[in-house]
Structure formats: C-alpha cells, structure tokens
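One letter stands for each residue in the lines below.
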Amino acid sequence: MKKIKKILILFVGINFVMTWLSYAQPKISKENIPSNIPSDLRGLIERLYSSDPVERGRVAYILGQWGSKAVPAILFFGRYVT
C-alpha cells in the first residue's frame, strides 16, 4: 500500500510539472510575429514555440544574453508577461 501511495504521489507530481511547463509557450500565435523584427531575432522567437521545454529554456537564455536587442521578444514569453 505504501508503494502505491508513493507511485501515486510521483505521478501527480510529474503531471503537475508537465502542465506547468506547457504554460511557458507563447500565447501569441506564431503568425502574429511582427514582420519588422530582424530575421535572427525572429528565428529565436519561433524557437520559443518548441514543444521541448529545454529548447525554450535555451532560447530564453540566449535572448537574455542579447540584452536590449531582444526587447521585441518580450511579448512572446507566455503567461509571465502582462
């Protein structure tokens, strides 16, 4: 019984984390990325739509390194931007 309880807690925890990670994808549709954004930045923004949370994290790190050049990408950081 204790083993079943541990497995159930693990399953609920994994489910919670996977649900939380899915929120990190942009809420603005890919088609609405402004056309006046430079192509290199646009490419990084498009990678924010990846289903892989590790890839989205890499892109966020890269954009952070870009500093003010990456400001147009702020709108594409999911629910964390209001």
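Before reading on, note that the structure itself is shown above.
Residues numbered from 1 in each chain as written. Predicted model: local features only at pLDDT ≥ 70, side-chain atom pairs only at ≥ 80, totals over all residues. Heavy atoms only, no water.

(A) How the structure looks around the packing of aromatic side chains. Summed over all chains, the structure comprises zero aromatic pairs. In this arrangement the basic side chain of K69 is found over the ring face of W66, its NZ or CZ atom lying 4.5 Å from the centre. (Phe/Tyr/Trp six-rings, centres within 6.5 Å; stacked < 30°, edge-to-face > 60°. Lys NZ or Arg CZ within 6 Å of the ring centre and 35° of its normal.)

(B) Examining the pattern of salt bridges more closely. Applying the stated criterion across every chain, the model contains four salt bridges. With a closest N to O distance of 3.3 Å, K69 and D40 form a salt bridge. Taken as a pair, K69 in the segment after α3 (53-66) and D40 in helix α2 (residues 39-47) lie far apart in primary sequence, 29 residues in all. What makes D40 partly exposed here is its relative accessible area of 38%. We note a salt bridge from E55 to R58, for which the minimum N-O separation is 3.4 Å. One end of the pair is E55 and the other is R58, both in helix α3 and three residues apart, which spans about a single turn. Accessibility expressed as a relative area gives 15% for E55, which makes it buried. For R58, a relative accessible area of 46% puts it in the partly exposed group. (Salt bridge = Lys/Arg side-chain N within 4 Å of Asp/Glu carboxyl O. Helix = DSSP H or I, 4+ residues; strand = E, 2+ residues; numbered from the N terminus. Buried < 20%, exposed > 50% of the residue type's maximum accessible area, 1.4 Å probe, protein only.)

(C) Inspection of the environment of I74 at higher detail. Relative to the helices and strands, I74 resides in the segment after α3. You can call I74 partly exposed: its relative accessible area is 42%. Residues I74 and I45 lie 29 residues apart in sequence; the distance between their C-alpha atoms is 9.3 Å.

(D) Fine view of α3. Counted at 1.5 Å a residue, the expected span for α3 with its 14 residues is 20 Å, and the 20 Å between its end C-alpha atoms agrees. Residues E55, R56, V59 and L63 constitute the buried set of α3. Seen end-on, α3 carries its buried residues on one side only, within an arc spanning 100 degrees. Set apart from the buried face of α3 by more than 90 degrees, the exposed residues are Y61, G64 and Q65. Structurally, the start of α3 carries an N-cap: the backbone nitrogen of V54 is 3.0 Å from a side-chain oxygen of D52. Looking at the residues trailing α3, positive phi occurs at G67, about 65 degrees. (Expected span 1.5 Å × (residues − 1). Arc of directions from axis to C-beta. Polar contact = N/O pair within 3.5 Å; in protein donor to acceptor, adjacent residues only side chain to side chain.)

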